[in-house]
Amino acid sequence: MTSTTWTSIKSYQEILFERTGKIAKITMNRPHKRNAFTPLTVAEMIDAFTHCRDDASIGVIILAGAGDEAFSSGGDQSIRGNGGYVGTDNIPRLNVLDLQHLIRIIPKPVIAMVAGWSVGGGNILQLVCDLTIAADNARFGQTGPKVGSFDAGYGSGYLARVIGHKRAKEVWFLGHFYTAQEAYEMNWINKVVPLKQLEEATLEWCHEILKKSPTALRFIKAAMNADTDGLAGLQQFAGDATMLFYTTDEGKEGRDAFNEKREPNFGQFPTFP
Ligand code: S0N
């Protein structure tokens, strides 16, 4: 087993944000509550993911929970108000939905590294990550209908895409917890490893991914999202295509011609089949 040195990128109250080389790690850091999230935890994760999105020196992102007991147990029920989770500003929020969306559109692979409980809204966070590697002590489940909540967005529709409709309904209707091995067999997660090897196995995949073309990975992620996210997914895919087009001589010719107050010469560019 190798040990990796992580360097802090930025200090927060409820998460850790670190990196090693081109790999960033965002860790929900409320182990006393099984890493249940508050509006602040979520706002801090949004800030850290946004940093990862903008920082070209980061190629892959790991999302984790502090300690071995839990990845996350979802929304912190002790601060659940009448219209969402209530932060120190007294405003009720469900900002975890914004975080789910950000994880989906960030044009870099995001890997959930799951030890222990992955429950409720916490489990939806691992679901929306691109890949999930779990320790053999991981347990997955949705408690919503038991605690008076539900996620009818990615938590239902996308879950059904991933594990099938019958299984997704079973997960939500019965509220059972599933072992890592069971989740693996349901195609809910990608890999199960012994707890002690969790970080090493996750980093191994990160290093493999970092050897691949970032643009190819970006388009593959966007294409799969376009298939599941409708017009919003297509918008992301289209944005990626535009970004790529801006780097071509053909794209630059349009910009340069406008700025130089001349007619563009697009005839010089080939029309491929
Ligand atoms: C995770 C469980 C199974 C772990 O059991 P274990 O190991 O026996 O530990 P406990 O003794 O139960 O817990 C240790 C301490 O942690 C506290 N705690 C655990 N989970 C939470 C939590 N979610 N909120 C607040 N505190 C939590 C315990 O209370 C205990 O503290 P002490 O020691 O002080 O007693 C088990 O803990 C468990 O079942 N937890 C609850 C899981 C749950 O129901 N989560 C909420 C599910 N709902 C959501 O996540 C909503 C998500 C959301 O935001 C959303 C998203 C989209 C659309 C809608 C919504 C929406 O809000 O509805």
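For the structure itself, consult the block above.
Here is a short report on the structure shown in this document.

Reading the values: the criteria
Residues numbered from 1 in each chain as written. Predicted model: local features only at pLDDT ≥ 70, side-chain atom pairs only at ≥ 80, totals over all residues. Heavy atoms only, no water. 1 Å grid on protein atoms, 1.4 Å probe; cavity = no way out; pocket = protein on both sides within 12 Å on 5 of 7 lines; lining within 4 Å. Points joined across faces, edges and corners; volume = space filled by probe spheres on them. Nonpolar A, V, L, I, M, F, W, Y, C, P; charged D, E, K, R; others polar. Helix = DSSP H or I, 4+ residues; strand = E, 2+ residues; numbered from the N terminus. Buried < 20%, exposed > 50% of the residue type's maximum accessible area, 1.4 Å probe, protein only. Pairing = 2+ DSSP bridges. Contact = heavy atoms within 4.5 Å. Expected span 1.5 Å × (residues − 1). Phe/Tyr/Trp six-rings, centres within 6.5 Å; stacked < 30°, edge-to-face > 60°. Lys NZ or Arg CZ within 6 Å of the ring centre and 35° of its normal. Near = heavy atom within 4 Å. Polar contact = N/O pair within 3.5 Å; in protein donor to acceptor, adjacent residues only side chain to side chain. Areas by Shrake-Rupley, 256 points an atom, 1.4 Å probe, with all protein chains shown as cover. Salt bridge = Lys/Arg side-chain N within 4 Å of Asp/Glu carboxyl O.

1. Overview of empty space enclosed by the protein
Part 1: Counted by the stated rule, this structure contains two cavities of 30 Å³ or more.
Part 2: Its boundaries defined by the atoms lining it, the largest cavity holds a volume of some 40 Å³.
Part 3: Around the largest cavity, the lining residues are Phe37, Thr38, Pro39, Val42, Tyr85, Arg93, Leu94, Asn95 and Val96.
Part 4: Of the residues assigned to the lining of the largest cavity, the class counts are six nonpolar, two polar and one charged.
Part 5: Size it by volume and the second largest cavity reaches roughly 30 Å³.
Part 6: Arg104, Ile105, Ile106, Pro107, Arg218, Lys221, Ala222, Asn225, Gln236 and Asp240 are the residues that line the second largest cavity.
Part 7: Mapped by element, the contributors of at least two residues to the lining of the second largest cavity are α2 (96-105) and α9 (214-246).
Part 8: Here the lining of the second largest cavity takes six residues from α9, the largest share from any one element.

2. What about the pairing of strand β10 (residues 131-135)?
Part 1: Burial analysis of β10 places four of its five residues in the buried class, the great majority of the element.
Part 2: Across four bridges, strand β8 (residues 110-114) lies against β10 in parallel orientation. Bridging across to β10, methionine 113 finds its partner in isoleucine 133.
Part 3: Sheet topology note: the β10/strand β13 (residues 191-193) ladder contains three bridges and is parallel. Of the residues in β13, the one forming a bridge with isoleucine 133 is lysine 191.

3. Points about the environment of isoleucine 103
Part 1: Its location among the elements puts isoleucine 103 in helix α2.
Part 2: Isoleucine 103 sits 57 residues away from isoleucine 46 along the chain, and the two C-alpha atoms are 8.9 Å apart.
Part 3: Here isoleucine 103 is in contact with Phe49, Leu63, Val110, Leu125, Val128, Cys129 and Lys221, once residues within four sequence places are set aside.

4. Remarks on helix α8 (residues 198-210)
Part 1: In this model, α8 (13 residues) spans 18 Å end to end at C-alpha, consistent with the 18 Å of a helix rising 1.5 Å per residue.
Part 2: Inspection of α8 places Leu198, Ala201, Thr202, Leu203, Cys206 and Ile209 among the buried residues, and these make up the whole buried set.

5. Some points on the packing of aromatic side chains
Part 1: For the coordinates displayed, the defined rule picks out six aromatic pairs.
Part 2: Summarising the aromatic geometry, the rings of tyrosine 12 and phenylalanine 17 are spaced 6.3 Å apart at their centres and angled 50° between planes, so their arrangement reads as tilted. Phenylalanine 17 shares its class with tyrosine 12; the two are buried.
Part 3: Every member of this aromatic cluster is reached through a ring pair, and the members are Phe140, Tyr178 and Trp188.
Part 4: If you follow arginine 104 out to its NZ or CZ, it ends over the ring of tyrosine 158, 4.3 Å from the centre.

6. Thoughts on the site of the ligand
Part 1: Near the ligand lie 24 residues; those nearest to it are Ser73, Gly75, Gly121, Thr143 and Ser149.
Part 2: Here a nitrogen atom of the ligand sits 2.8 Å away from a polar atom, N or O, in the main chain of serine 73.
Part 3: In the environment of the ligand, an oxygen atom lies 3.1 Å from a nitrogen or oxygen atom belonging to the side chain of tryptophan 117.
Part 4: About the coverage of the ligand: the protein hides 66% of its 1100 Å² of free accessible area.
Part 5: Among the elements of the structure, α2, β9 (117-119) and α3 (120-128) are those that each provide at least two residues to the shell around the ligand.
Part 6: Per-class residue counts for the shell around the ligand are 11 nonpolar, nine polar and four charged.

7. Considerations on helix α5 (residues 154-163)
Think of an α-helix as 3.6 residues a turn; residues three or four steps apart then line up on the same face.
Part 1: Among all positions of α5, only Tyr154, Gly155, Tyr158, Leu159, Ala160 and Ile163 are buried.
Part 2: For α5, the elements touching its buried residues are α2, α3, α6 (165-174) and α9.
Part 3: Glycine 164 lies just past α5 and shows a positive phi near 95°.

8. A short note on the pattern of salt bridges
Part 1: Overall, the coordinates contain 15 salt bridges when judged by the stated rule.
Part 2: With a closest N to O distance of 2.7 Å, aspartate 89 and arginine 93 form a salt bridge.
Part 3: Since its relative accessible area comes to 39%, aspartate 89 is described here as partly exposed.
Part 4: In this structure, arginine 255 and aspartate 256 form a salt bridge, with 2.9 Å as the shortest nitrogen-oxygen distance.
Part 5: Salt bridges here are not isolated pairs; linked through shared partners, they connect Glu14, Arg30, Lys33 and Asp76.

That is the geometry; function is a separate question.
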